[in-house]
Amino acid sequence: LSPPSAPSSPSSLPGSVSGGRKLAIVFTCTVCSTRSAKRFTEKSYTSGVVLVRCPGCQSLHLIADNLGWFEEGGWNVEDLGEEVVKKLTDDGVVEV
């Protein structure tokens, strides 16, 4: 599979439509290998919990947990490191 091109704008992705500045992620499902892109608010990513659903198999993937609901002490996808997480644009789009 070739990686998807960076979206022209995070606003063209499925996900949150209100609530301030938006971030986006392009990821490959670890269950079914479907590549997809999702959008969410910066506030939820930095202060709340972000779960995204794979459109292929409907699995939920944890993107951020700043409340400690799933990971004690909090966690976000950037904790995976630079070898896994790549920033695609200055608009807050990352690829995992």
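A brief structural summary.

What counts as what
Residues numbered from 1 in each chain as written. Predicted model: local features only at pLDDT ≥ 70, side-chain atom pairs only at ≥ 80, totals over all residues. Heavy atoms only, no water. Helix = DSSP H or I, 4+ residues; strand = E, 2+ residues; numbered from the N terminus. Buried < 20%, exposed > 50% of the residue type's maximum accessible area, 1.4 Å probe, protein only. Areas by Shrake-Rupley, 256 points an atom, 1.4 Å probe, with all protein chains shown as cover. Pairing = 2+ DSSP bridges. Lys, Arg positive; Asp, Glu negative; His and termini not counted. Salt bridge = Lys/Arg side-chain N within 4 Å of Asp/Glu carboxyl O. Polar contact = N/O pair within 3.5 Å; in protein donor to acceptor, adjacent residues only side chain to side chain. Contact = heavy atoms within 4.5 Å. Core = buried A, V, L, I, M, F, W, Y, C linked by side-chain atoms within 4.5 Å. Patch = residues over 30% accessible without salt bridge, like charges linked within 9 Å, V, L, I, M, F, W, Y side chains within 5 Å. Disulfide = S-S within 2.5 Å.

**Re the overall build of the protein**
A count of helical and extended segments in the protein gives one helix and seven strands. Listing every helix and strand of the protein by position from the N terminus yields β-β-α-β-β-β-β-β. Residues counted as buried form 34% of the 96 residues belonging to the protein. Put simply, the protein shows about 5700 Å² of open surface, and 50% of that area lies on carbon and sulfur atoms.

**Regarding the sheet that holds strand β5 (residues 75-76)**
If you trace the three strands from one edge of the open sheet to the other, you get β3-β4-β5, paired in antiparallel fashion. With partners counted over all chains shown, the strands left at the sheet margins are β3 (49-53) and β5, one partner each. Relative to β5, strand β4 (residues 60-65) runs antiparallel, the two being bridged by two bridges. Looking at the pairing, D65 lines up with W75 of β5.

**Regarding the side chain of D65**
Tracing the backbone shows D65 in strand β4. Buried charged residue D65 carries no salt bridge. Nearest counter-charge: K43, at 15 Å. Polar contacts involving the side chain of D65 include one to the main-chain amide nitrogen of G68, which spans 2.9 Å. Among the polar contacts listed, one links the side chain of D65 to the backbone nitrogen of F70, at a separation of 2.5 Å. Beyond its immediate stretch of four places on either side in the chain, D65 contacts G48, V49, F70, E71, G74 and W75.

**Quick notes on the nonpolar core**
One finds L23, I25, F27, F40, Y45, V50, V52, I63, A64 and V77 forming the largest nonpolar core, which totals ten residues. Of all elements in the fold, only β1 (22-28), β3 and β4 reach the threshold of two or more residues within this core. Considering every element that reaches this core, the biggest residue donor is β1, with three residues.

**A few points about a nonpolar patch on the surface**
Together, L51, L60, L67, W69 and F70 give the surface a local cluster of nonpolar side chains, amounting to about 560 Å² of exposed area. Looking at the secondary structure, you find L60 in strand β4.

**Things to note about the state of the cysteines**
For the coordinates displayed, the defined rule picks out zero disulfides. The thiol sulfur of C29 is not disulfide-bonded, and the nearest other cysteine sulfur, from C57, lies at 3.7 Å. For C57, a relative accessible area of 29% translates into the label partly exposed.

**Thoughts on the environment of K38**
Among the structural elements, K38 can be located in strand β2 (residues 35-41). The buried category is assigned to K38, whose relative accessible area is 17%. As for K38 and F27, which are separated by eleven residues in sequence, their C-alpha atoms are 8.4 Å apart.

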